[in-house]
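One letter stands for each residue in the lines below.
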Amino acid sequence: MAGQVTENRDIGIVRRLTPRCAAPAAIALGVLLLTDALRVFLPSLITLYGRAGETPPEQMGLFAALWFVLPFAAMPIARLTGVRPILLFGAVALVAARIGLQAADGGDPQVYLSAIGVCAGLLFLYGAARTATRDAAPMGIAAGLAASTGVHLLLDRMDLVWRDGPLPWIAVLAVCAAFLAAVVASVRLPHRPHDLAPAAVWLLAGPVLLVGGMTMGPVLFPGGVSEQHSAVFTSLGVALQVVALCWGVVIARTTRWGWWSAISVLVTVAWIAMPASPLTLLVPLALGGCLRLSALGGLPAARPPRSGAAALAGMVVFLVGTFLYYAAYDADLGFPNVVIPIGVVLLVGAVSAKVSWRRPVEPARWPFRRWLPAALPLALLAGVVTWHPVPDERVANGPEFTLITYNIRMGFGLKGRLDLDRIADWARAQRPDVVLLSEVDRGWMLNGGHDDLARIAARLGMRYYFAPAADPLWGDALLTNLPVRQIVSHPLGRHDYPTGAQAQAIVLTVGGTEVGIVNTHLQAPPGQAPEAAAIVRALAQPRGGTARPVLLAGDLNTTPDDPAMRVLTAAGLSDPLLALGDPPTSPADAPTQRIDHVLLSPGLRAVEARVPRVPFSDHLPIVVRLRLE
């Protein structure tokens, strides 16, 4: 009896000396660093390890799965060493990998450092799942998702790992130091079996990161993404996302509403119907409620190791869901990829609903005084840093204009680094009037959730017009400050190719003359080339007017000798680069063929054409100076 009293007294002393926020802070910062590694690991698989399709998908999938399966070795090791050494090892390795990524300059070091960071992050989650209380776990996971997405928004969707200079280094080192301090403090806390969070909440960690990453990364678009929105709307959308994220953390800590599981299903289904819509603001609330609810049930004292295995299994769900969803753009899976997020959300709802049916619904508490003072300044800051005013139109008085066409591969250069700023700086030095971009990403989680177009346009000081192709977040774009009279995106037939394509038909004014532009990225040239040719003919013959000069440009996946090129030349288009040396454009590191083109109709002449050797994509750009005749 006396020994029990002494033990309880010692436990009370340790709890008083350790901050109450240590455990949730450690989980939140660990999730933040893990998502940092994931935002590098996933695109590196495609651009570096996969070489944009050169590596067999089975090999790439096995390589990715390896780093998610290795942490399962912690389960037998924990029986010999205990959980805390694994927790500390995972935390230290995660910090080392994150600092290494900040120092890496792409290439193989980026691939393996990010892979080690993911593996170490999962080891940390395993240790946290075996030691965290039922109050710390849901709040820590929700706060980690909020911190990761919120920091991403505050950085204008350009993560620190892709930035140079001393300030990113200072921020990364500060976060890593705070993470290690929180981990050490949380390890000092005594953990009793009846205090541990049940396995259900840790099983949801991976699905929650998947759903949150897919819904909260993109910019909010009201009913479409074809044109640039006002600076007020864009900044307001970012501010509202920050408020929603903060609210989700509060719900994960205080609210116990059982029907949040149903809301999570309905909201995500609605998001699938209208991607990047304002409905996504409800997703963090629903996920926070489901996390809180799942932490209230179960008796983890029976078999504590289940929580660690559940955390690793949840991250396997994250990996499988991510790869299946995005694999549908390169292979026919036999079912639409929207089934993947629906299935993941049904899993989240089912796990939390299982608890809600067994527990009485308790009244909600709305701690406005607690979360509003923190949320509003962050929301205001996010709105200010993402304020990008729309440039004014500029009239071109002369008959000449400069055009760039460039397949930017979602902004990832030959070294696998995100080169959006370098692309914009190089393009600005060419003093273009029109910029045409292919493979533009507006927020795919697989590529890190960046808005390529908004970033490049803001740095160029140009207006943009987006044309969705594969889905509403991936496609082609036109950037120009010249007056745009007409712009229409025509979907092209798939022709048994999984990834969709479009042809963006534009009419703009140069020196008082209308010029037609067809901007496209052909995925299946034999079938899509005749469709593009028909759009060119229609654009060249306006109703009741004289013939309009038209150009067709973009990544056509067609060489000058291919039959599809003869279809385009039969529409009245000529290839000016044939007389200017026929420079190859692909692959960028050792170009051997020209599959990127600028084709001209009568009335347009190429004064100058260049294919600069720049390393910002796996394609080379074409810079053309055009003259109206």
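A. Expanded view of the overall build of the protein chain. Summing up its helical and strand segments, the protein chain has 20 helices and 11 strands in all. Counting the 629 residues in the protein chain, one finds 59% classified as buried. Accessible surface computed for the protein chain: about 24,800 Å², of which carbon and sulfur atoms make up 64%.

B. Highlighting helix H11 (residues 231–254). Given a rise of 1.5 Å per residue, 24 residues ought to cover 34 Å, and the 35 Å separating the end C-alpha atoms of H11 matches this to within 8%. Counting buried positions along H11 gives 17 out of 24 residues, so the element sits mostly inside the fold.

C. Quick peek at the sheet that holds strand S10 (residues 604–610). Read across the sheet, six strands follow the order S3-S4-S2-S1-S11-S10 without closing on themselves; strand pairing throughout is mixed. Looking at strand neighbours, the two that pair on one side only are strand S3 (463–471) and S10, the edges of this open sheet. Averaged over neighbouring strand pairs, the angle between their axes works out to 20° when direction is ignored. As paired strands, strand S2 (residues 434–441) and strand S4 (residues 474–480) are joined by six bridges and run antiparallel to one another. Residue pairing across strands places leucine 436 opposite leucine 478, the latter belonging to S4.

D. Local environment of the sheet that holds strand S8 (residues 550–555). Taken together, the five strands give an open sheet; going across it, the order is S5-S6-S7-S8-S9, and neighbouring strands pair in mixed fashion. Two strands close off the open sheet at either side, each with one partner strand: strand S5 (484–492) and strand S9 (596–600). Going from strand to strand, the sheet's axes swing by 15° on average, the running direction of each strand aside. Note that strand S6 (residues 501–510) and strand S7 (residues 513–520) share eight bridges and pair antiparallel. The residue bridging isoleucine 506 from the neighbouring strand is isoleucine 517, located in S7.

E. Empty space enclosed by the protein, seen in detail. For the structure shown, the criterion picks out five cavities of 30 Å³ or more. Size it by volume and the largest cavity reaches roughly 230 Å³. Every residue lining the largest cavity is counted, 18 residues in all, and those nearest its centre are Thr35, Arg39, Leu209, Gly213 and Met445. Element by element, the count of residues in the lining of the largest cavity is highest for helix H7 (residues 136–154), at five residues. Class assignment for the residues of the lining of the largest cavity results in seven nonpolar, 10 polar and one charged. Estimates place the volume of the second largest cavity at around 100 Å³. Ala23, Leu87, Ala128, Thr131 and Ser186 are the residues nearest the centre of the second largest cavity, which is lined by 13 residues in total. Mapped by element, the contributors of at least two residues to the lining of the second largest cavity are helix H2 (22–49), helix H5 (83–103), helix H6 (107–131) and helix H8 (166–188).

F. How the structure looks around unusual backbone geometry. Note the cis peptide between serine 586 and proline 587, where omega equals -10°. Mapped onto the elements of the fold, proline 587 is located in the loop between helix H20 (563–569) and S9. Of note in the backbone geometry, glutamate 439 takes a positive phi value of approximately 55° without being a glycine. Along the chain, the position of glutamate 439 falls in strand S2.

G. Broad picture of a nonpolar patch on the surface. A surface patch of nonpolar side chains, about 420 Å² in accessible area, is lined by Val269, Phe335, Val338, Val339, Ile342 and Leu346. By residue number, the principal contributor to the nonpolar patch is helix H15 (residues 339–356), which donates three residues. Note on placement: phenylalanine 335 falls in the loop between helix H14 (305–327) and H15. What makes phenylalanine 335 partly exposed here is its relative accessible area of 34%.

H. Seen up close, the confidence of the model for the protein chain. Averaged over all residues, the pLDDT of the protein chain is 87; the fraction at 70 or higher stands at 88%. Taken as a whole, residues 1–18 scores under 50 in pLDDT and shows 14 contacts with residues more than four places along the chain or in a different chain. Per-residue pLDDT stays below 50 along residues 360–364; that stretch engages in five contacts with residues further than four places along the chain or on separate chains.

I. The arrangement of the packing of aromatic side chains in detail. As enumerated under the stated definition, the model contains 12 aromatic pairs in all. Arranged with centres 5.1 Å apart and planes meeting at 75°, the rings of phenylalanine 124 and phenylalanine 179 form a pair that is edge-to-face. With phenylalanine 124 in helix H6 and phenylalanine 179 in helix H8, this pair connects stretches of sequence that are 55 residues apart. Phenylalanine 179 shares its class with phenylalanine 124; the two are buried. Measuring from centroid to centroid gives 5.9 Å for tryptophan 162 and phenylalanine 412, while their planes differ by 75°, and the two rings are edge-to-face. Taken together, the positions of tryptophan 162 in the loop between H7 and H8 and phenylalanine 412 in the loop between strand S1 (400–407) and helix H17 (420–429) put the pair 250 residues apart, joining distant regions of the chain. Each member of the pair, tryptophan 162 together with phenylalanine 412, is buried. Joined through ring pairs, the aromatic side chains of Tyr325, Tyr326, Tyr329, Trp444 and Trp474 make up one cluster. Its end group placed over the ring of phenylalanine 466, arginine 442 keeps NZ or CZ at 5.1 Å from the ring centre.

J. A look at the side chain of asparagine 519. If you trace the backbone, asparagine 519 turns up in strand S7. Among the polar contacts made by the side chain of asparagine 519, one reaches the main-chain carbonyl oxygen of alanine 477 at a distance of 3.1 Å.

K. Broad picture of the nonpolar core. Counting 138 residues, the largest nonpolar core has Phe41, Trp202 and Leu479 as its most contacted members. Every residue in contact with phenylalanine 41, bar those within four places of it in the chain, is listed here: Phe63, Ala64, Trp67, Phe68, Val111, Ser114, Ala115 and Val118. Core analysis: the next-biggest nonpolar cluster, separate from the first, contains 28 residues, Leu508, Ala553, Ala588 and Leu600 among them.

L. Spatial organisation of the pattern of salt bridges. Within the structure shown, the criterion is met by 22 salt bridges. With a shortest N-O distance of 2.9 Å, aspartate 421 and arginine 455 are connected by a salt bridge. Residue aspartate 421 is located in helix H17, and its partner arginine 455 is located in helix H18 (residues 452–460); the two are separated by 34 residues in the primary sequence. Given a relative accessible area of 17%, aspartate 421 falls into the buried group. Look at arginine 455 and you get buried, because its relative accessible area is 17%. It is possible to trace a salt-bridge network through shared partners that takes in Asp156, Asp421, Asp425, Arg428, Arg455 and Arg459.

M. Summary view of the environment of valine 201. Note on placement: valine 201 falls in helix H9 (residues 199–203). Overall, valine 201 belongs to the buried group, its relative accessible area being 0%. Discounting residues that sit within four places of it in the chain, valine 201 has contacts with Ala137, Pro138, Ile141, Leu291, Ser294 and Ala295.

N. Summary view of the pairing of S2. Most of S2 is tucked away: eight of the eight residues are buried. In terms of strand pairing, S1 meets S2 through five bridges, oriented parallel. Counterpart to tyrosine 406 in the pairing with S2 is leucine 437. Remark: the S1/H17/S2 crossover connection has right-handed handedness.

What counts, and where the lines are drawn
- Residues numbered from 1 in each chain as written.
- Predicted model: local features only at pLDDT ≥ 70, side-chain atom pairs only at ≥ 80, totals over all residues.
- Heavy atoms only, no water.
- Helix = DSSP H or I, 4+ residues; strand = E, 2+ residues; numbered from the N terminus.
- Buried < 20%, exposed > 50% of the residue type's maximum accessible area, 1.4 Å probe, protein only.
- Areas by Shrake-Rupley, 256 points an atom, 1.4 Å probe, with all protein chains shown as cover.
- Expected span 1.5 Å × (residues − 1).
- Pairing = 2+ DSSP bridges.
- Axes fitted to C-alpha atoms, helices over the stretch in contact; angles between N-to-C directions.
- 1 Å grid on protein atoms, 1.4 Å probe; cavity = no way out; pocket = protein on both sides within 12 Å on 5 of 7 lines; lining within 4 Å.
- Points joined across faces, edges and corners; volume = space filled by probe spheres on them.
- Nonpolar A, V, L, I, M, F, W, Y, C, P; charged D, E, K, R; others polar.
- Patch = residues over 30% accessible without salt bridge, like charges linked within 9 Å, V, L, I, M, F, W, Y side chains within 5 Å.
- Salt bridge = Lys/Arg side-chain N within 4 Å of Asp/Glu carboxyl O.
- pLDDT = per-residue confidence, 0-100.
- Contact = heavy atoms within 4.5 Å.
- Phe/Tyr/Trp six-rings, centres within 6.5 Å; stacked < 30°, edge-to-face > 60°.
- Lys NZ or Arg CZ within 6 Å of the ring centre and 35° of its normal.
- Polar contact = N/O pair within 3.5 Å; in protein donor to acceptor, adjacent residues only side chain to side chain.
- Core = buried A, V, L, I, M, F, W, Y, C linked by side-chain atoms within 4.5 Å.
- Right-handed = clockwise from strand over helix to strand, strands pointing away.

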